[in-house]
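Take a look at the letters that make up each chain.
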Amino acid sequence: MGHIVDFPLRRMWLFGALLVLSQFTSSLGILMDSVGSHSMFTCESIGLRMCQDLPYNTTFMPNLLNHYDQQTAALAMEPFHPMVNLQCSPDLRPFLCALYAPVCMEYGRVSLPCRSLCTHAKRDCQKLMDMFGVTWPEETECSRFPDCDESYPRDVDLLVNEDPTKQSSTSVQRDYGFWCPRELKVEPELGYMFLGVRDCSPPCPNMYLGREDLTLARYFIGVVSIVCLSATLFTFLTFLLDVTRFRYPERPIIFYAVCYMMVSLVFFLGFLLEDRVACNAANPSHYKTSTVTQGSHNKACTLLFMVLYFFTMAGSVWWVVLTITWFLAAVPKWGSEAIEKKALLFHASAWGIPGMLTITLLALNKIEGDNISGVCFVGLYDVHTLRWFVLAPLCLDVLVGVSLLLAGIVALNRVRMEIPLEKENQDKLVKFMIRIGVFSVLYLVPLLTVVGCYLYEQTYRSAWETRWVKERCKNYHIPCPFQKEVTSGPPLVLFIMKYLMVLVVGIPSVFWVGSKKTCFEWASFFHGRRQKDSGAVNESRQVLQEPDFAQSLLRDPNTPIIRKSRGTSTQGTSTHASSTHLAMLDDVRSKASSVHSKMSSYHGSLHRSRDDRFTPSSHRGMEERPAYGSMPRLNDQSRHGSTRDLSDAPAANITHGSSMNCVVEDDGTSA
């Protein structure tokens with residue numbers, strides 16, 4: 001009974017010793033001259049110890065199981081060494097060698113083992129495989145092979161390969177494409193892809209830049225992101241100081257600044273995080289190096305991608321909205337209130353379109369880590385995603401925005417050339433057109449540079465990848481490309497220019513809000529007082545929307561200009577009544593309030609008829625209208641007295657035409 005129990009123990013010990021011995025012999029069973037990488041189809045001598053002393057002695061790589069060299073094939077055959085040494089089946093060894101080291105014939109011909117050979121080997125060795133926990137590989141299922149009953153190799157295979165020396169001397173150039181190294185392989189459930197190969201990921205750090213260049217690029221991105229963050233944050237805080245200052249058509253500049261403030265913030269976080277989010281950690285125990293993060297399984301990377309991509313696209317859409325509002329103000333002469341009524345549509349477009357694009361990319365699992373900047377974006381390794389989700393939206397925004405911008409500038413220039421305006425309004429209009437042009441150039445030049453960098457990168461991406469494979473193929477033991485001429489890698493200045501222009505796009509917003517009024521508001525804020533200048537109006541809105549300018553656009557060119565003072569609703573005045581009334585109030589009112597009183601009484605003394613002539617009206621406006629500002633009211637006695645004096649005074653002669661206009665111009669100038 002003891003011998004019966006002892007026999008399984010001895011057998012288990014024997015299996016363990018054979019397993020260790022097989023691993024040792026497999027590591028020594030590869031000839032050194034067959035370890036090289038392959039870029040041509042050639043017949044090579046078999047170096048696998050398990051496949052020695054067969055009817056054939058040459059094979060080819062990659063084999064039928066896509067092992068790119070004999071060293072990789074030997075590692076895959078290790079679990080079957082105990083079964084072969086124990087000779088559980090006479091068909092196991094020929095069957096395994098037919099898959100891992102098939103017979104070499106002329107280029108294009110492959111000989112597969114028969115199904116009966118697979119069935120006999122699996123049936124005879126199934127108990128030993130269950131005992132050692134070895135599973136039959138899925139790629140070696142017997143149903144995959146032809147239904148025949150012949151040994152391997154067949155007689156016809158040996159007749160074709162009668163002279164292996166002559167056959168091996170014949171080489172056919174053959175590019176095997178990219179074979180993912182074991183160090184870059186990832187779990188299948190992650191859905192990674194690199195160079196068209198599934199379950200593979202790019203290496204970290206960057207595959208194109210060295211350590212020194214990578215460090216320089218990261219610090220450069222960090223400094224530029226801080227500058228852009230400061231500029232856009234200043235623009236947004238200036239808006240918060242007085243939210244009524246920036247109305248349409250210039251309100252989109254504020255949202256544009258907010259978008260690029262978030263973009264610069266993400267790049268700054270990427271500078272602080274370095275590779276901790278954009279790259280997966282290395283696992284030396286499983287021969288895994290650090291690889292680029294892909295997909296949405298990394299929550300931090302997904303969050304950085306969502307913020308960065310969403311606000312990048314939203315910033316470009318807000319620039320298009322800005323050109324739309326300028327177009328509406330310049331061509332159809334929409335006022336600020338009319339444009340503001342469309343604000344809901346503007347917001348729905350500017351936030352909704354980027355949101356749908358972001359959700360689509362999340363559903364497609366197209367997120368990729370950027371091991372240069374430390375953030376996560378899209379299209380860094382997938383050219384098709386770059387083309388449709390980055391280049392196409394940016395080019396469309398540039399096309400639409402530039403078209404609307406040019407149409408608005410042409411319309412404003414036509415107004416300046418054809419309709420006679422006062423010199424003051426002429427100067428304001430020219431200044432406004434210059435500001436639009438400068439702001440647009442400061443936005444378009446960086447954006448077009450970014451588009452150019454993406455196009456250049458898309459054009460040469462394949463050549464750069466081929467060069468990288470050629471430089472790393474021997475270290476990774478993968479097939480080398482057979483192309484003799486390989487271009488140089490991407491220059492460092494390309495990445496520097498791309499990231500610089502991506503961030504610089506947000507800086508022009510600070511030039512729009514930069515003015516003396518902005519300095520005054522910040523000075524008032526820091527001194528603890530808020531002094532709002534209600535009479536001060538933004539110049540761009542003042543030129544496009546003030547009544548003088550609107551009337552001058554709609555009037556006949558031969559009609560004289562009637563100018564009114566800002567901040568009042570004055571239309572005209574009676575010189576005699578105004579002088580009488582001012583004489584009565586001279587002791588009570590200051591010089592400035594006297595001017596405003598004259599302008600106020602001027603409104604009440606005239607009535608505009610349908611034929612554009614002005615006729616006298618009642619003096620009720622003079623009696624009851626208070627002076628502009630916080631001036632004390634006259635008592636009842638003084639008010640009645642002024643009325644009696646005015647009733648006794650002779651009627652004022654109202655003149656029309658150019659004389660009235662001269663009076664109005666003088667009043668406006670003194671005011």
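Residues numbered from 1 in each chain as written. Predicted model: local features only at pLDDT ≥ 70, side-chain atom pairs only at ≥ 80, totals over all residues. Heavy atoms only, no water.

**With respect to the overall build of the chain**
Along the backbone of the chain there are 24 helices and twelve strands. Here the chain holds 671 residues, and the buried ones make up 46% of them. Restricting to contacts in the chain with at least 6 residues of sequence separation, those with at least 24 account for 75%. (Helix = DSSP H or I, 4+ residues; strand = E, 2+ residues; numbered from the N terminus. Buried < 20%, exposed > 50% of the residue type's maximum accessible area, 1.4 Å probe, protein only. Contact = heavy atoms within 4.5 Å.)

**Notes on the nonpolar core**
In terms of nonpolar packing, the biggest core is built from 96 residues, with Phe267, Tyr309 and Trp326 touching the most fellow members. Considering each element in turn, this core owes the most residues, 19 residues, to helix H10 (residues 299-330). Excluding its chain neighbours within four sequence positions, the residues that come into contact with Phe267 are Ile221, Ser225, Leu308, Ser373, Val375, Tyr499, Val502 and Leu503. In this structure, Met83, Val84, Val134 and Tyr152 belong to the second largest nonpolar core, which totals 35 residues. (Core = buried A, V, L, I, M, F, W, Y, C linked by side-chain atoms within 4.5 Å.)

**Remarks on the packing of aromatic side chains**
Inspection of the entire model under this criterion finds 34 aromatic pairs. Plain terms: the ring middles of Phe178 and Trp468 are 6.4 Å apart, the flat faces sit at 45 degrees to each other, and that makes the pair tilted. Of the two residues, Phe178 sits in the loop between strand S4 (172-173) and strand S5 (193-194) while Trp468 sits in helix H14 (residues 423-476), which places them 290 residues apart along the sequence. Each ring, one from Tyr460 and one from Trp464, has its centre 6.3 Å from the other, and the planes form 20 degrees; the classification is stacked. With a gap of four residues between them, Tyr460 and Trp464 both fall in helix H14, about one helical turn apart. Among the residues examined, Tyr460 registers a relative accessible area of 36% and is labelled partly exposed. Through pairs of rings, three or more aromatic residues link up here, namely Tyr256, Tyr260, Trp319, Trp326, Phe439, Tyr443 and Trp512. Taking the ring centre of Tyr499 as reference, the NZ or CZ of Lys498 above it sits at 5.1 Å. (Phe/Tyr/Trp six-rings, centres within 6.5 Å; stacked < 30°, edge-to-face > 60°. Lys NZ or Arg CZ within 6 Å of the ring centre and 35° of its normal.)

**Concerning a nonpolar patch on the surface**
Together, Val430, Ile434, Val438, Leu442 and Phe511 give the surface a local cluster of nonpolar side chains, amounting to about 430 Å² of exposed area. Per element, the largest residue contribution to the nonpolar patch is four residues, and it comes from H14. Considering the arrangement of structural elements, one finds Phe511 in helix H16 (residues 509-513). (Patch = residues over 30% accessible without salt bridge, like charges linked within 9 Å, V, L, I, M, F, W, Y side chains within 5 Å. Areas by Shrake-Rupley, 256 points an atom, 1.4 Å probe, with all protein chains shown as cover. Salt bridge = Lys/Arg side-chain N within 4 Å of Asp/Glu carboxyl O.)

**Focus on the pattern of salt bridges**
Under the criterion given, the structure shown has twelve salt bridges. A salt bridge links Glu337 to Arg247; its shortest N-O distance comes to 3.1 Å. Placement of Glu337 in helix H11 (residues 336-340) and of Arg247 in the loop between helix H8 (211-241) and helix H9 (252-273) is noted, with a sequence separation of 90 residues between them. On the basis of relative accessibility, which here comes to 49%, the residue Glu337 falls in the partly exposed class. Looking at Arg247, the relative accessible area reads 24%, which means it is partly exposed. In this structure, Lys498 and Glu457 form a salt bridge, with 3.3 Å as the shortest nitrogen-oxygen distance. Placement of the pair is Lys498 in helix H15 (residues 492-504) and Glu457 in helix H14, with a sequence separation of 41 residues. Linked through salt bridges whose partners overlap, the residues forming this network are Arg247, Glu337 and Glu340.

**A closer look at the environment of Val451**
Structurally, Val451 is set in helix H14. Relative accessible area serves as the criterion here: at 8%, Val451 is assigned to the buried category. In contact with Val451, other than residues within four places in its own chain, are Leu391, Leu394 and Cys395.

**Here's the deal with the UniProt feature "transmembrane region" (unreviewed entry) in the chain**
Within the UniProt annotation, "transmembrane region" (unreviewed entry) is assigned to residues 219-241, 253-273, 303-331, 343-364, 388-412, 432-457 and 492-513. With 100% helix and 0% strand, residues 343-364 has end C-alpha atoms that lie 32 Å from one another. (UniProt positions renumbered as here; feature names shortened; annotations may be inferred.)

**Side note on the layout of surface pockets**
In this structure, the second largest pocket occupies an estimated 420 Å³ of space. Lining of the second largest pocket is provided by 15 residues; of these, Tyr68, Thr72, Cys180, Arg182 and Lys185 occupy positions nearest its centre. Considered class by class, the residues forming the lining of the second largest pocket number six nonpolar, four polar and five charged. (1 Å grid on protein atoms, 1.4 Å probe; cavity = no way out; pocket = protein on both sides within 12 Å on 5 of 7 lines; lining within 4 Å. Points joined across faces, edges and corners; volume = space filled by probe spheres on them. Nonpolar A, V, L, I, M, F, W, Y, C, P; charged D, E, K, R; others polar.)

**Topic: the environment of Met61**
Within the secondary structure, Met61 sits in the loop between strand S3 (58-59) and helix H2 (70-77). Placed 40 residues apart in sequence, Met61 and Ala101 show a C-alpha to C-alpha distance of 8.0 Å.

**Quick word on the packing of H8 against H15**
Remark: H8 packs on H15, axes separated minimally by 9 Å, with the N-to-C direction vectors making an angle of 15 degrees. What the angle tells us is that H8 and H15 run roughly parallel. For the pair H8 and H15, the sense of crossing is right-handed. Of the residues in H15, those in contact with Asp213, Leu216, Ala217, Phe220, Ile221, Val224, Ser225 and Cys228 of H8 are Leu492, Ile496, Tyr499, Leu500 and Leu503. Per-class residue counts for the contact of H8 with H15 are eleven nonpolar, one polar and one charged. (Axes fitted to C-alpha atoms, helices over the stretch in contact; angles between N-to-C directions. Parallel < 35°, antiparallel > 145°, perpendicular 65-115°, else oblique. Left-handed = near helix turned anticlockwise from the far one by under 90°.)

**Comments concerning the state of the cysteines**
With the rule as written, the count across this model stands at eight disulfides. Here Cys51 is linked by a disulfide to Cys97, with a sulfur-sulfur distance of 2.1 Å. As the torsion about the S-S bond is roughly -100 degrees, the Cys51-Cys97 disulfide counts as left-handed. With Cys51 in the loop between strand S2 (44-45) and S3 and Cys97 in helix H4 (residues 92-100), the pair connects residues that are 46 residues apart, well separated along the chain. Of the two residues, Cys51 and Cys97, both sit in the buried class. One disulfide in the model links Cys204 with Cys279; its S-S distance is 1.9 Å. Because the sign of the S-S torsion sets the handedness, a value of about -75 degrees for the bond joining Cys204 and Cys279 places this disulfide among the left-handed ones. Residue Cys204 is found in the loop between strand S6 (197-198) and H8, and its partner Cys279 is found in strand S7 (residues 279-280); the two are separated by 75 residues along the sequence. Classification of Cys279 as buried rests on a relative accessible area of 7%. (Disulfide = S-S within 2.5 Å.)

**Brief notes about the side chain of Glu465**
Looking at the secondary structure, you find Glu465 in helix H14. No salt bridge is formed by the buried Glu465; its nearest oppositely charged neighbour, Arg461, is found at 4.4 Å. With sequence-adjacent residues up to four places away left out, Glu465 is seen in contact with Leu195, Tyr208 and Tyr381. (Lys, Arg positive; Asp, Glu negative; His and termini not counted.)

**Considering empty space enclosed by the protein**
On inspection of all chains with the given rule, the structure shows seven cavities of 30 Å³ or more. As a volume, the largest cavity reaches approximately 240 Å³. Lining the largest cavity are 21 residues; nearest its centre among them are Thr312, Phe377, Val450, Tyr454 and Val502. Among the secondary structure elements, those contributing two or more residues to the lining of the largest cavity are H9, H10, helix H13 (383-418), H14 and H15. Element by element, the count of residues in the lining of the largest cavity is highest for H15, at four residues. Estimated volume of the second largest cavity: approximately 140 Å³. Taken together, 14 residues make up the lining of the second largest cavity; nearest its centre are Asn206, Leu380, Tyr381, Glu457 and Phe495. Taken together, the elements giving at least two residues each to the lining of the second largest cavity come down to H14 and H15. Here the lining of the second largest cavity is composed, by residue class, of seven nonpolar, three polar and four charged.

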